[in-house]
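Here's the letter readout for the chains.
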Amino acid sequence: MAHFSAMRTLTAIASVAAFGAAVSLGAGTARAQDKNVTEDQILRALAPEKKPLTRGLSVGPQQATADPAAAAAEGKFVQKIRGRSTRSLSATEREEIAAIVKDKPKIDLEINFDYNSADISAKSLPSVQALGRALTSNDLKGSVFVVAGHTDAAGSEGYNQDLSERRADSIKRYLVDKYGINGTDLVTVGYGKGKLKDPSQPLAEVNRRVQVVNMENKATAANASK
């Protein structure tokens, strides 16, 4: 009798251990998948801000009206860099892009590439595919987007600048080839290790990213001009 009781106890312990291992494995899988963003997450992040109408009475503080001259200059600059190759952008133009995108809808995608390569890793393809679906959706189609490549601080300035440019180009090529996005609607720029997301940890993965910014929504611009 004592023998059977001991066997039941051992079986129960083994079952609990197996269940715990399964739960642990499941949690690990979920964490690994968290890096891949969904189409809906990208859509929400890149959706243009809906500004309230300023005609008549309004409740609460009014939003400051954009300087028409500044808006025109920005639009002119965006048209100037559309269709340009990544390498053709000067340091001054890269900084101007960085200044413009600060207040634009954006999202950072942690996209991994093969070591010392601009080839998108298989585990990051779901994020890039979600990006392609989002950019061709009715909500975002017709906008101009900046695709900016960033690296961590390992390696020289020149090496990282070149690598960030090649990786931004790789994302653009994939979106154009697989989703038929107009190449002139994707402005690619590389920043190397010059704009770390987490300067306190210069070698952290979070710094190796691709940032996508919604620069211009043509439908919104058309409605605003009416």
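These numbers come from a predicted model, not from an experiment. (Residues numbered from 1 in each chain as written. Predicted model: local features only at pLDDT ≥ 70, side-chain atom pairs only at ≥ 80, totals over all residues. Heavy atoms only, no water.)

### Some details on the environment of Y159
Argument step 1. The residue Y159 is located in helix α6 (residues 157–179) in this model.
Argument step 2. The sequence separation of Y159 and K193 amounts to 34 residues, and the corresponding C-alpha distance is 9.5 Å. (Helix = DSSP H or I, 4+ residues; strand = E, 2+ residues; numbered from the N terminus.)

### Digging into the packing of helix α5 (residues 125–135) against α6
Argument step 1. Following both chains from N to C, one finds α5 and α6 inclined at 60°, their axes separated by 10 Å at the closest point. In terms of orientation, α5 and α6 fall into the oblique class. Seen along the crossing, α5 lies across α6 with a hand that is right-handed. Between α5, through L125, V128, Q129, L131, G132, R133 and L135, and α6, the contact on the second element is made entirely by I171, Y174, L175 and Y179.
Argument step 2. Across the contact of α5 with α6, the residue classes break down as eight nonpolar, two polar and one charged. (Axes fitted to C-alpha atoms, helices over the stretch in contact; angles between N-to-C directions. Parallel < 35°, antiparallel > 145°, perpendicular 65-115°, else oblique. Left-handed = near helix turned anticlockwise from the far one by under 90°. Contact = heavy atoms within 4.5 Å. Nonpolar A, V, L, I, M, F, W, Y, C, P; charged D, E, K, R; others polar.)

### Thoughts on the nonpolar core
Argument step 1. Counting 24 residues, the largest nonpolar core has I42, L46, I111, L131, L135, I171 and V212 as the members making the most contacts within it.
Argument step 2. Those elements giving two or more residues to this core turn out to be α2 (39–46), β1 (106–109), α5, β2 (143–149), α6 and β4 (210–217).
Argument step 3. Top contributing element to this core by residue count: α5, with five residues.
Argument step 4. Contact partners of I171, with chain neighbours within four places excluded, come to I111, F113, I120, V128, L131, V147 and V210.
Argument step 5. Listed in part, the 16 residues of the second largest apolar core include F77, I97, I100 and V146. (Core = buried A, V, L, I, M, F, W, Y, C linked by side-chain atoms within 4.5 Å. Buried < 20%, exposed > 50% of the residue type's maximum accessible area, 1.4 Å probe, protein only.)

### Overview of the side chain of D198
Argument step 1. Here D198 is to be found in the loop between β3 (186–190) and β4.
Argument step 2. The buried charged residue D198 lacks any salt bridge, with K197 as its nearest oppositely charged partner at 9.5 Å.
Argument step 3. Setting aside chain neighbours within four positions, we find D198 in contact with V206 and N207. (Lys, Arg positive; Asp, Glu negative; His and termini not counted. Salt bridge = Lys/Arg side-chain N within 4 Å of Asp/Glu carboxyl O.)

### Focus on the packing of aromatic side chains
Argument step 1. Applying the stated criterion to the full structure yields one aromatic pair.
Argument step 2. An angle of 45° between the planes, with centres 6.5 Å apart, marks the rings of Y174 and Y179 as tilted. (Phe/Tyr/Trp six-rings, centres within 6.5 Å; stacked < 30°, edge-to-face > 60°.)

### Quick word on α6
Argument step 1. Counted at 1.5 Å a residue, the expected span for α6 with its 23 residues is 33 Å, and the 33 Å between its end C-alpha atoms agrees.
Argument step 2. Every buried residue of α6 is listed here: N160, Q161, L163, S164, E165, R167, A168, S170, I171, K172, Y174 and L175.
Argument step 3. G180 sits one or two positions beyond α6 and adopts a positive phi of about 65°. (Expected span 1.5 Å × (residues − 1).)

### A closer look at the pattern of salt bridges
Argument step 1. One pass over the structure, following the stated rule, counts 13 salt bridges.
Argument step 2. Salt-bridge contacts for R84 lead to E93; the nearest nitrogen and oxygen are separated by 2.8 Å.
Argument step 3. Taking relative accessible area as the criterion, R84 reaches 24% and is therefore assigned partly exposed.
Argument step 4. In this structure, the salt-bridge partner of K197 is D108, at a minimum N-O distance of 2.9 Å. Of this pair, K197 sits in the loop between β3 and β4 while D108 sits in strand β1; the two residues are 89 residues apart in sequence, bridging distant segments of the chain.
Argument step 5. Under the relative-accessibility criterion, D108 is labelled partly exposed at 24%.
Argument step 6. What emerges from the salt-bridge pattern is a single network uniting R87, D162, E165 and R166.

### Looking at the confidence of the model for the protein chain
Argument step 1. Averaged over the protein chain, the pLDDT score is 79; the fraction of residues at 70 or greater is 73%.
Argument step 2. Counting contacts from residues 53–65, a segment whose pLDDT is below 50, to residues more than four positions away or on other chains yields four contacts.
Argument step 3. The model gives residues 219–226 a pLDDT under 50, and that stretch makes one contact with residues more than four places away or in other chains. (pLDDT = per-residue confidence, 0-100.)

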